[in-house]
Amino acid sequence: MTGTPSDFYDKITKTFDSAVESGDLIYSKGTTESATIDGLTYYFSIVPALESKPTVSGNETLLAKISLEDSEPDVPTKPFDPFDPPHPALLVLDEYESDYAVVLNKFSVIPNHFLLVTRDFKSQNSPLSPPDLVASYKLLKAANSQSGKRHVGFFNCGKNSGASVSHRHVQFLTLPEGFTPFPDDLVAGAAGKKYEDGQSPFAHNQVSFSHYVVPIHDTDEDALGFRFSTLLSRTLTTLRQHKASPISFNFLFTEEWFLMVPRIAESSEGTSINALATIGLLLAKGDEDLKSIKEKGPQKLLESVCIPWDGAEELEYDY
Ligand code: AMP
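The numbering scheme is per chain: residues are counted from 1 as the chain's sequence reads. Totals for whole chains, interfaces and linings use all residues, but because this is a predicted model, local features are given only for residues with pLDDT of at least 70 and pairs of side-chain atoms are given and counted only at 80 or more. Neither water nor hydrogens contribute to the side-chain values; these are computed over all heavy atoms in the structure.

Draft legend 1. Local environment of the packing of helix α3 (residues 130–147) against helix α6 (residues 221–241). Axis lines are fitted through C-alpha atoms, for helices just across the contact stretch, and the angle between N-to-C directions can take any value from 0 to 180 degrees. Strands are runs of DSSP state E lasting at least 2 residues, helices are runs of H or I lasting at least 4, and numbering of each runs from the N terminus. At a minimum axis separation of 9 Å, α3 and α6 run at an interaxial angle of 105 degrees. Comparing the axis directions of α3 and α6 gives the class roughly perpendicular. Across from P130, P131, L133, V134 and Y137 in α3, the residues of α6 making contact are E221, L224, G225 and F228. Along the lines of polarity and charge, the residues of the contact of α3 with α6 split into seven nonpolar, one polar and one charged. Put simply, angles under 35 degrees are roughly parallel, angles over 145 are roughly antiparallel, angles from 65 to 115 are roughly perpendicular, and the rest are oblique. Should any heavy atoms of two residues lie within 4.5 Å, those residues are considered in contact. Lys, Arg, Asp and Glu make up the charged group, whereas Ala, Val, Leu, Ile, Met, Phe, Trp, Tyr, Cys and Pro make up the nonpolar group; the residues left over, Gly among them, are polar.

Here it is as structure tokens:
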């Protein structure tokens, strides 16, 4: 078992700086502004690198082109996989917890945007396993303690979640300083401390789309696996009851909580909605995109790609 090296975050920073310098990583500083709408805080950011990020349909077009150009049509084409192997200039740890590697995101939303990827191919369309959860949680904790900054991790599962790469990966970013994601309020205090496995997940009554939150107390494989399963069971029931297909959700986590959001669409009228939007971090490709996000309003946008929820409905859960 290979744990987190004590100079892990140092390596992240150094690899990021040299990959930007060599042009292997695309990042340029954007702008951020914040607003409070209906009691919830949103940060609106312009992220120029998103303009260059490949999309699922882009990857499919690339594949189609490759197979059309193939002189032997019966030879199976390998799906586009940027993590097999990862680009050497973006590789931070080639072996982590035996089965994973740590890689920088080629199209970084902010500096030091990194990914935990499986060393062997595993599908992004299946849920995280308990070992995936342990490795992700350990990495997040190490990033927090070594950098002194708070991180959020996220996993996009299924076509409607915004996933663009089918090789399993979990992403990590620093949260903006002073930003309080809404699950913090739910798990703070006595209710969060008393939460036990089997109890209904928490939800915020000002958030207008289905979402499930559980606090994290124990961090062993069983504990993390149970909490993840609780969220997944609610998500699967909700998706089925709304006849949503394929199974898609965003899973986000900090040291204190897990959050899962069922998804029914990747974008709303051409505006892609990233996992981070579910906690109030809205990312735009440029001025036009930002204008459209603001005009539509974050709540309305999220309601159209997630499952609208009025804070009252209690479904019968059967998973
Ligand atoms: P998702 O779009 O959620 O599936 O996440 C995949 C991430 O991989 C995106 O954020 C991309 O920016 C990133 N990415 C795409 N190609 C590469 C690459 N060659 N190396 C590292 N990261 C990549």
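Draft legend 2. Quick look at unusual backbone geometry. Here the amide bond leading from D84 into P85 is cis, since omega sits at -5 degrees, within 30 degrees of zero. Here S245 and P246 are connected by a cis peptide whose omega angle stands at -5 degrees. In this model, N112 sits at a positive phi of 65 degrees, which is unusual for a non-glycine residue. Of the residues examined, N112 reaches a relative accessible area of 12% and is grouped as buried. For every residue, the accessible area obtained with a 1.4 Å probe (protein chains only) is divided by the maximum for its type, and the residue is called buried under 20%, exposed over 50%, and partly exposed between those limits.

Draft legend 3. Quick look at the side chain of S136. Note on placement: S136 falls in helix α3. On the accessibility criterion, S136 (1% relative accessible area) is buried. Apart from residues no more than four positions distant in its own chain, S136 is found in contact with L116, V170, F172 and F253.

Draft legend 4. How the structure looks around the sheet that holds strand β6 (residues 151–157). On the basis of which strands lie adjacent, the open sheet formed by eight strands has the order β3-β4-β5-β7-β6-β9-β10-β8 and antiparallel pairing. With one partner strand each, in any of the chains shown, β3 (91–96) and β8 (212–215) form the two edges of the open sheet. Within the sheet, the average angular offset between the axes of one strand and its neighbour, ignoring direction, is 20 degrees. For β8 and strand β10 (residues 257–262), the ladder comprises four bridges, and the chain directions are antiparallel. If you follow P215 over to β10, its bridge partner there is W257. Packing against the sheet, α6 makes contact with β8, β9 (249–253) and β10, and its axis sits at approximately 20 degrees to β10. For two strands to pair, DSSP has to find at least two bridges joining them.

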